[in-house]
Amino acid sequence: MSGPLPDPFAGQPDWAPLPPRPVEIVPATGRVELRGRRVLVGLPGLGWRGDLRADERVVQGSRTYVPVIPEHEWYRAEADQVEVFAPLVPVERVWVETLGDRPAPTGTVREQGIQLVSLDGPTHRAPTPVFETDAVSGRRVVHVEDAVEHRDLRAVTESYSGADGDICVRVTPELEWYRWAWRGQPPTTMEIPVHLLWIE
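A few points on the structure.

Definitions and limits used
- Residues numbered from 1 in each chain as written.
- Predicted model: local features only at pLDDT ≥ 70, side-chain atom pairs only at ≥ 80, totals over all residues.
- Heavy atoms only, no water.
- Helix = DSSP H or I, 4+ residues; strand = E, 2+ residues; numbered from the N terminus.
- Buried < 20%, exposed > 50% of the residue type's maximum accessible area, 1.4 Å probe, protein only.
- Contact = heavy atoms within 4.5 Å.
- Salt bridge = Lys/Arg side-chain N within 4 Å of Asp/Glu carboxyl O.
- Phe/Tyr/Trp six-rings, centres within 6.5 Å; stacked < 30°, edge-to-face > 60°.
- Arc of directions from axis to C-beta.

Examining the overall build of the chain
Move 1: Within the chain, the secondary structure is distributed over two helices and 14 strands.
Move 2: In the chain, which comprises 200 residues, the share counted as buried stands at 36%.
Move 3: The long-range fraction of contacts in the chain, counting pairs at least 24 apart against all pairs at least 6 apart in sequence, stands at 56%.

Regarding the pattern of salt bridges
Move 1: In this structure the tally under the stated criterion is 21 salt bridges.
Move 2: The salt bridge involving R38 is made with D152; its shortest N-O contact spans 3.2 Å. Taken together, the positions of R38 in strand β2 (residues 38-43) and D152 in strand β10 (residues 148-155) put the pair 114 residues apart, joining distant regions of the chain.
Move 3: The salt bridge involving R38 is made with E200; its shortest N-O contact spans 3.8 Å. With R38 in strand β2 and E200 in the segment after β14 (197-199), this pair connects stretches of sequence that are 162 residues apart. Neither residue differs from the other here; R38 and E200 are each classed as buried.

Thoughts on the packing of aromatic side chains
Move 1: Considering all chains together, one arrives at four aromatic pairs under this definition.
Move 2: Taking the centre distance of 5.0 Å and the plane angle of 75° together, the rings of W74 and Y75 count as edge-to-face.
Move 3: Y75 gets classed as buried once you look at its relative accessible area, which sits at 9%.
Move 4: Ring centres of Y75 and Y178 lie 5.4 Å apart, and the angle between their planes is 25°; on these two criteria the pair is classed as stacked.

Describing helix α1 (residues 71-80)
Move 1: Turning to α1, its buried residues number three or more, namely E71, W74, Y75 and A77. Buried residues of α1 fall within an arc of 160° about the axis and therefore sit on the same side.
Move 2: Contact partners of the buried residues in α1: β2, β3 (47-54), β5 (63-70), β10 and α2 (174-183).
Move 3: Backbone geometry just downstream of α1 places Q81 in the positive-phi region, at approximately 50°.

Below you can see the structure in the form of structure tokens.
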């Protein structure tokens, strides 16, 4: 089979799960809370780095900076109440992940192939249903059930056939995902049917 899989929810708007709200990227120079938020750093035309968390702005002299911490270190600092090194990044080089509004269902098919973006600022792709992806293990996922979004989850397996015959993925809270790395402590996981999971 060479083409994309057919949408199993096409034509079934009454029971098809709603996608989660999309991640939107806004400049940290705006009026947005920063403590604990996911951020990206970089320069227009050069590139962006993610998997970072921010602390509150710091003013030194006439410049404003944002303490930026790798996400695994942020979780370790919060869980173990330890101090970690946080480089100060000029606020104009920091963008914050926020949640946008859920788009109205349109019934349109997702564009295939290369999708070009502007290098003026970081972008984030729209949420993708897990059943449309090639690989999910280690990715950020959103579990949407009854229009309630459960975020800050990571997939720990690829898709598999569950005991009840559903196609499932096992997920864990991000804190446990990172604790698995720094302590070697296996995470507790939940089995979620793929039609309720989206790549964030």
